[in-house]
Amino acid sequence: MTFRFTAIAACALAASPAFAQDEYDRTDWPSSFTVGTASQGGTYFAYGSGWANLVGEELGLSGGAEVTGGPMQNMALVHTGDAAFGMTTMGPARESLEGTNPIAPGLEMTNVCAMFPMYQTPFSVTALSSSGIESISDIPDGARIGFGPAGSTSDTYFPRMMDELGVNYERRNGGWSDLGGQLQDGLLDVIAFAAGIPVPAVSQLEVQTDVNIIEFTDEEQQTLLDAFPVAAFDIAADTYSTLEEPATSVAMWNFAVANCDLPASFVEAVVDTVMSDNARMVNIHRAAESTTPENADKNTVLPWHPGAAAWFRENTDAEIPDDMVHGG
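Residues numbered from 1 in each chain as written. Predicted model: local features only at pLDDT ≥ 70, side-chain atom pairs only at ≥ 80, totals over all residues. Heavy atoms only, no water.

**Student:** Lay out the packing of helix α3 (residues 90–97) against helix α4 (residues 153–164) with the relevant residues and their values.
**Tutor:** Close contact between α3 and α4 brings their axes to 9 Å; oriented N to C, the two are set at 100°. Put simply, α3 runs roughly perpendicular to α4. Here G91, P92 and E95 of α3 lie close against α4, whose contacting residues are T153, T156, Y157 and R160. When the residues that make up the contact of α3 with α4 are grouped by side-chain class, the tally is two nonpolar, three polar and two charged. (Axes fitted to C-alpha atoms, helices over the stretch in contact; angles between N-to-C directions. Helix = DSSP H or I, 4+ residues; strand = E, 2+ residues; numbered from the N terminus. Parallel < 35°, antiparallel > 145°, perpendicular 65-115°, else oblique. Contact = heavy atoms within 4.5 Å. Nonpolar A, V, L, I, M, F, W, Y, C, P; charged D, E, K, R; others polar.)

Shown next as structure tokens:
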């Protein structure tokens, strides 16, 4: 099975490394790296491209983002070493560890380690205002719903959520930008987004047409909380120009992951670059407001990479048990 997708973004950066040679042992460091993200137009690609470029520049390496099918594919790429780093949500991470990742059924992807917390992925629904769809109950029978790239967090969980909420639909897949275009052209009735906010494709739609960002009722939210590994979440009113007040949603945590065989000093330097200056990450994407050390405890699924665990233990109050560290 071939896991690699076309590398759309790869930036070779010749900047001087921010870290002195004697600060880290670079003996076994790679000269380049890729970060598995997701489709263009989604938050993963924007966020992943940004931190790949930041790390490459700071460490004097060639680094870039790779377009993939999202969290499930990223777990496979990182497990096999085809990508050094990736991005995943906790649901797909758990399924991958248990060997139920649909990309490689039966393969327990145990060579993937946690690096740092990123942000929560809210699940939200968008329709054109002209459709008249203003609530989940308004979605017509047999509606054409775009669930994102096949194998993504959205495609893995949102259809199940719609089933749980009693929605009958025709399932469509594609990149977020492509699905946004299909919605605007009347080829889709609804897009079910699971991505960090603001979702670039939704922001672009708002500029081009009138949209409805549909929230869950309290009862619908509770139904999803009872059935899925998600937490309650409110999409802030200032996230999109369309919203006038917070929108009730549910969300799942995202973490950056690394191949567990990468040198500890390399991963520690990467984590230091990302976690030591949150303002730089927020400049890359607003979702990075949650890319902070206090959210390290949101990982209850993956073993920590020894280099990442070392950084959190030395620089924060995070408590990472030895049995949660790879090889510990």
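**Student:** Break down unusual backbone geometry for me, citing the residues and quoting the values.
**Tutor:** Here the amide bond leading from I197 into P198 is cis, since omega sits at 0°, within 30 degrees of zero. Looking at the element boundaries, P198 is found in the loop between β8 (190–194) and α6 (200–208).

**Student:** An account of a negative patch on the surface is needed here, citing residue identities and associated values.
**Tutor:** A cluster of like negative charges, contributed by E215, D218, D234, E244 and E245, occupies part of the molecular surface. Within the secondary structure, E245 is located in the loop between β10 (231–235) and β11 (247–259). (Patch = residues over 30% accessible without salt bridge, like charges linked within 9 Å, V, L, I, M, F, W, Y side chains within 5 Å. Areas by Shrake-Rupley, 256 points an atom, 1.4 Å probe, with all protein chains shown as cover. Salt bridge = Lys/Arg side-chain N within 4 Å of Asp/Glu carboxyl O. Lys, Arg positive; Asp, Glu negative; His and termini not counted. Charge placed at Lys NZ, Arg CZ, Asp CG, Glu CD.)

**Student:** How would you sum up the pattern of salt bridges? Please name residues and give values.
**Tutor:** One pass over the structure, following the stated rule, counts nine salt bridges. As a salt-bridge pair, D297 and K298 come within 3.1 Å of each other at their nearest N and O atoms. The exposure class of D297 is exposed, given its relative accessible area of 53%. A relative accessible area of 31% places K298 in the partly exposed class. (Buried < 20%, exposed > 50% of the residue type's maximum accessible area, 1.4 Å probe, protein only.)

**Student:** Outline the packing of aromatic side chains, supporting the account with residue identities and numerical values.
**Tutor:** The full count for this structure, using the stated rule, is 15 aromatic pairs. Between the aromatic rings of Y24 and W29, the centroid separation amounts to 6.3 Å while the plane-to-plane angle is 40°, which identifies the pairing as tilted. Each member of the pair, Y24 together with W29, is buried. For the pair W51 and F116, a centre-to-centre distance of 5.4 Å together with 75° between the ring planes defines the contact as edge-to-face. With a gap of 65 residues between them, W51 in helix α1 (residues 43–59) and F116 in strand β5 (residues 112–128) connect regions that are remote in the sequence. Residue W51 is classed as buried on the basis of its relative accessible area, which comes to 0%. For F116, a relative accessible area of 0% puts it in the buried group. In this structure, R160 packs its charged tip against the face of Y157, placed 5.0 Å from the ring centre. (Phe/Tyr/Trp six-rings, centres within 6.5 Å; stacked < 30°, edge-to-face > 60°. Lys NZ or Arg CZ within 6 Å of the ring centre and 35° of its normal.)

**Student:** Can you tell me about the environment of L128, naming the residues and giving the values?
**Tutor:** Relative to the elements of secondary structure, L128 occurs in strand β5. A C-alpha to C-alpha distance of 7.3 Å links L128 and Q184, two positions 56 residues apart in sequence. What L128 contacts, discounting residues up to four positions off in sequence, is L183, Q184, T209, D210, V211 and N212.

**Student:** Just give me the short version of the packing of helix α8 (residues 264–275) against helix α10 (residues 306–315), but keep the residues and values in it.
**Tutor:** Taken N-terminus to C-terminus, the directions of α8 and α10 make an angle of 50°; their axes are 7 Å apart at the nearest point. Taken together, the axes of α8 and α10 are oblique relative to one another. In this structure, α8 crosses over α10, and the sense of that crossing is right-handed. Of the residues in α10, those in contact with A264, V267, E268, V271, D272 and M275 of α8 are G307, A308, A310, W311, F312 and E314. Classifying every residue of the contact of α8 with α10 by side-chain character gives eight nonpolar, one polar and three charged. (Left-handed = near helix turned anticlockwise from the far one by under 90°.)

**Student:** Any details on α8? Residues and values, ideally.
**Tutor:** For α8, spanning twelve residues, the distance from its first C-alpha to its last is 16 Å, which sits close to the expected 16 Å at 1.5 Å a residue. Counting buried positions over the twelve residues of α8 gives eleven, a clear majority of the element. Of all the positions in α8, only S265, F266, V267, E268, A269, V270, V271, D272, T273, V274 and M275 are classed as buried. (Expected span 1.5 Å × (residues − 1).)

**Student:** Any details on the side chain of N299? Residues and values, ideally.
**Tutor:** Structurally, the position occupied by N299 is in the loop between α9 (278–284) and α10. A distance of 3.2 Å separates a polar side-chain atom of N299 from the backbone nitrogen of V301. Within the structure, the side chain of N299 is placed 2.9 Å from the backbone oxygen of L302, a separation counted as a polar contact. Not counting the four nearest positions on each side in its chain, N299 is found in contact with M90, A114, F255, W304 and M324. (Polar contact = N/O pair within 3.5 Å; in protein donor to acceptor, adjacent residues only side chain to side chain.)

**Student:** Would you mind going over the nonpolar core in detail, with residue names and values included?
**Tutor:** Looking at soluble globular proteins, one finds that nonpolar side chains tend to be buried together. Counting residues in hydrophobic clusters, the biggest one holds 60 residues, and the most contacted among them are W51, F85, M115 and F116. Those residues in contact with F85 that lie beyond four places of it in its chain are F33, T34, V35, G36, W51, V78, M115, V257, A258, L262, F266 and V270. I133, I136, F216 and L224 belong to the second largest nonpolar core, which has 24 residues in total. (Core = buried A, V, L, I, M, F, W, Y, C linked by side-chain atoms within 4.5 Å.)

**Student:** Explain α1 residue by residue, including any values.
**Tutor:** The first and last C-alpha atoms of α1 sit 24 Å apart over 17 residues, in line with the 24 Å expected at 1.5 Å per residue. Most of α1 sits out of view: 13 of its 17 residues are buried. Phi turns positive, to about 70°, at G60, one or two residues after α1.

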